[in-house]
Amino acid sequence: MGKIVVVTSGKGGVGKTTSSASLATGLARRGLQTAVLDFDVGLRNLDLIMGCERRVVYDFVNVIQGDATLNQALIRDKRVENLYILPASQTKDKEALHQDGVAKVLEDLNSRFDFIICDSPAGIEHGALMAMHFADEAIVVTNPEVSSVRDSDRILGLLQSKTVKAKNGEVIKEHLLLTRYDPERVQRGDMLSVEDVQEILAIPLLGVIPESKSVLTASNSGEPVILDEVSDAGQAYSDAVARLLGEELPQRFIHPVKKGFFSRLLGG
Amino acid sequence: MGIFSYFRSKKSTAQVAKNRLQIIVAHERAQNSGYDFLPRLRQEILLVVQKYVHVELEHINVDVNRDGDCEVLEFNVTLPDSKS
Ligand SMILES: Nc1ncnc2c1ncn2[C@@H]1O[C@H](COP(=O)(O)OP(=O)(O)O)[C@@H](O)[C@H]1O
Ligand SMILES: [Mg+2]
């Protein structure tokens, strides 16, 4: 039996897809059979971030409608073993991802994968509810910014009321992943700190991913940033993967780095 | 007063953001708590309080908060400055 983990946020553009891609890649690199699923019907993007957009033949909706088998639709990652991607459909009909269909796909995946990462669309509508519906755990991706924190709180409410686990009186394990964090702005007092956000949302912290130029370069070339092992964001995602697996690690990227004269000069 | 003490005396915007979030999040949790009578309760409290002091709806907060195993219904009325 695998673990179904939804990566969700309410607000768009906070880093769900970036995080789904890197966490899934990190889990697979540790030898765990991992599938990462794009639930963003009509706005397929995970394929680009994973660098497999040219290899998409069938998608999630094709599988649900019986036009393709799950094995035909799953794309095997070329860099990392044990890693598979199920792309979203570009169809306009969002309802095509209906509950029974999603249930069947997840059941099938659950019997052969250790981790199933569900990349949720933004919003609190059908797509987001489907992505979280069968989850065992939730990673709530939040930026240190008022609207993102508020939306995350809304999502926590939905996780605690609308999911299968909640309806069965069980609890979904929730994790906070704070992304696009800028320790220098926090120090100056113009960005919410990790403590501030934790105090408001009151869920355990999985990790803090710094605002980093390496995220854009990674997405430019279709390589999840976790594969960029020298980058701060890549290392922060590796730490988050370790914590997801129960390891205890200190937070590394929450304080400003002291810059020397030369690194300032070079714009580092 | 120099420009530096001016900036120092002001709350940081992060602090302002945190305070605003604490209020709105508590409020929305209460709204989504399943007690749909809360808005009407707030209106009625307003009418009662207005018999004694002049307050507006925005000064009345009605929230449901979770404290361990029990839920707590909280009322908060911010009184206006006595001078104004
Ligand atoms: N840690 C980060 N540092 C810098 N940019 C980031 C970071 N995380 C995400 N981004 C950027 O933010 C944008 C939205 O990210 P994405 O993962 O697509 O968000 P979502 O899936 O939540 O809509 C992208 O342009 C991405 O490159
Ligand atoms: Mg996305």
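Refer to the structure presented above.
Residues numbered from 1 in each chain as written. Chains lettered and ligands numbered in written order. Predicted model: local features only at pLDDT ≥ 70, side-chain atom pairs only at ≥ 80, totals over all residues. Heavy atoms only, no water.

Visitor: Would you explain the pattern of salt bridges in this entry?
Guide: Side chains that differ in charge, positive against negative, can pair when their charged atoms come close. All names here are of chain A. For the structure on display, the rule yields 16 salt bridges over all chains. For Arg-252, the salt bridge goes to Asp-239, with nearest N and O atoms at 2.9 Å. You can see Arg-252 sitting in the loop between α12 (232-244) and α13 (261-265) and its partner Asp-239 sitting in helix α12, a full 13 residues away along the chain. Residue Arg-252 is classed as partly exposed on the basis of its relative accessible area, which comes to 44%. Here Asp-239 falls in the buried class, since its relative accessible area comes to 9%. Through salt bridges with shared partners, one network takes in Asp-77, Arg-79 and Glu-223. (Salt bridge = Lys/Arg side-chain N within 4 Å of Asp/Glu carboxyl O. Helix = DSSP H or I, 4+ residues; strand = E, 2+ residues; numbered from the N terminus. Buried < 20%, exposed > 50% of the residue type's maximum accessible area, 1.4 Å probe, protein only.)

Visitor: Please explain the side chain of Asp-38 of chain A as it appears in this structure.
Guide: Residues and elements named next belong to chain A. Within the secondary structure, Asp-38 sits in strand β2 (residues 34-38). Although Asp-38 lies buried, it forms no salt bridge, and the closest oppositely charged side chain, Arg-44, sits 6.4 Å away as judged by the N-O distance. Separated by 2.9 Å, the side chain of Asp-38 and the backbone nitrogen of Asp-40 make a polar contact. Polar contacts involving the side chain of Asp-38 include one to the main-chain amide nitrogen of Leu-46, which spans 3.2 Å. Those residues in contact with Asp-38 that sit more than four places away from it in its chain are Arg-44, Asn-45, Leu-46, Phe-60, Leu-86, Pro-87, Ala-88 and Asp-119. (Lys, Arg positive; Asp, Glu negative; His and termini not counted. Polar contact = N/O pair within 3.5 Å; in protein donor to acceptor, adjacent residues only side chain to side chain. Contact = heavy atoms within 4.5 Å.)

Visitor: For this particular structure, what's the right way to read helix α1 (residues 16-29) of chain A?
Guide: Three- or four-residue spacings in an α-helix give side chains the same orientation, since the helix completes a turn every 3.6 residues. All names here are of chain A. Between its first and last C-alpha atoms α1 spans 20 Å; for 14 residues at 1.5 Å apiece the expected length is 20 Å, and the two agree. Of all 14 residues in α1, 11 are buried, a share of seventy percent or more. Buried residues of α1: Lys-16, Ser-19, Ser-20, Ala-21, Ser-22, Leu-23, Ala-24, Thr-25, Gly-26, Leu-27 and Ala-28, and no others. (Expected span 1.5 Å × (residues − 1).)

Visitor: Before we go on, may I ask you to explain the packing of helix α7 (residues 146-159) of chain A against helix α2 (residues 13-31) of chain B in this structure?
Guide: In a packed pair of helices, the relevant descriptors are the angle between the two axes and the axis-to-axis distance. Interaxial distance between α7 of chain A and α2 of chain B falls to 10 Å at its minimum, and their mutual angle equals 25 degrees. One element, α7 of chain A, and the other, α2 of chain B, form an angle in the roughly parallel class. In this structure, the crossing between α7 of chain A and α2 of chain B has a hand that is right-handed. Contacts between α7 of chain A and α2 of chain B pair Val-146, Val-149, Arg-150, Asp-153 and Arg-154 of chain A from the former with Ala-17, Leu-21, Ile-24, Val-25, Glu-28 and Arg-29 of chain B from the latter. Here the contact of α7 of chain A with α2 of chain B is built from residues that sort into 6 nonpolar, no polar and 5 charged. (Axes fitted to C-alpha atoms, helices over the stretch in contact; angles between N-to-C directions. Parallel < 35°, antiparallel > 145°, perpendicular 65-115°, else oblique. Left-handed = near helix turned anticlockwise from the far one by under 90°. Nonpolar A, V, L, I, M, F, W, Y, C, P; charged D, E, K, R; others polar.)

Visitor: Looking at this model, I keep getting lost on the sheet that holds strand β4 (residues 83-86) of chain A. Mind explaining?
Guide: Within a beta sheet, neighbouring strands are joined by backbone hydrogen bonds and run either parallel or antiparallel to one another. Residue and element names in this part refer to chain A. Read from one edge of the open sheet, 8 strands run β3-β4-β2-β5-β1-β6-β7-β8, paired in mixed fashion. Bordering the open sheet on either side are β3 (75-76) and β8 (205-210), each of which pairs with just one other strand. By the bridge criterion, 4 bridges tie strand β7 (residues 173-181) to β8 in an arrangement that is parallel. Bridged to Leu-178 within β8 is Val-208. Strand contacts of α7: β1 (3-8), β6 (137-142) and β7, with the helix running at about 165 degrees to β6, the strand carrying the most contacts. (Pairing = 2+ DSSP bridges.)

Visitor: I keep staring at the site of ligand 1 and nothing clicks. Help me out?
Guide: Residues and elements named next belong to chain A. Gly-13, Lys-16, Thr-17, Thr-18 and Ser-212 are the nearest of the 13 residues found near ligand 1. Gly-13 places a main-chain nitrogen or oxygen 2.8 Å from an oxygen atom of ligand 1. Between ligand 1 and the protein, one listed contact pairs an oxygen atom with a backbone N or O atom of Val-14 at 3.2 Å. Expressed as a share of its isolated accessible area of 570 Å², the protein-covered part of ligand 1 is 77%. Among the secondary structure elements, those contributing two or more residues to the shell around ligand 1 are α1 and β8. Top contributing element to the shell around ligand 1 by residue count: α1, with 3 residues. The class makeup of the residues in the shell around ligand 1 is 4 nonpolar, 6 polar and 3 charged. (Near = heavy atom within 4 Å. Areas by Shrake-Rupley, 256 points an atom, 1.4 Å probe, with all protein chains shown as cover.)

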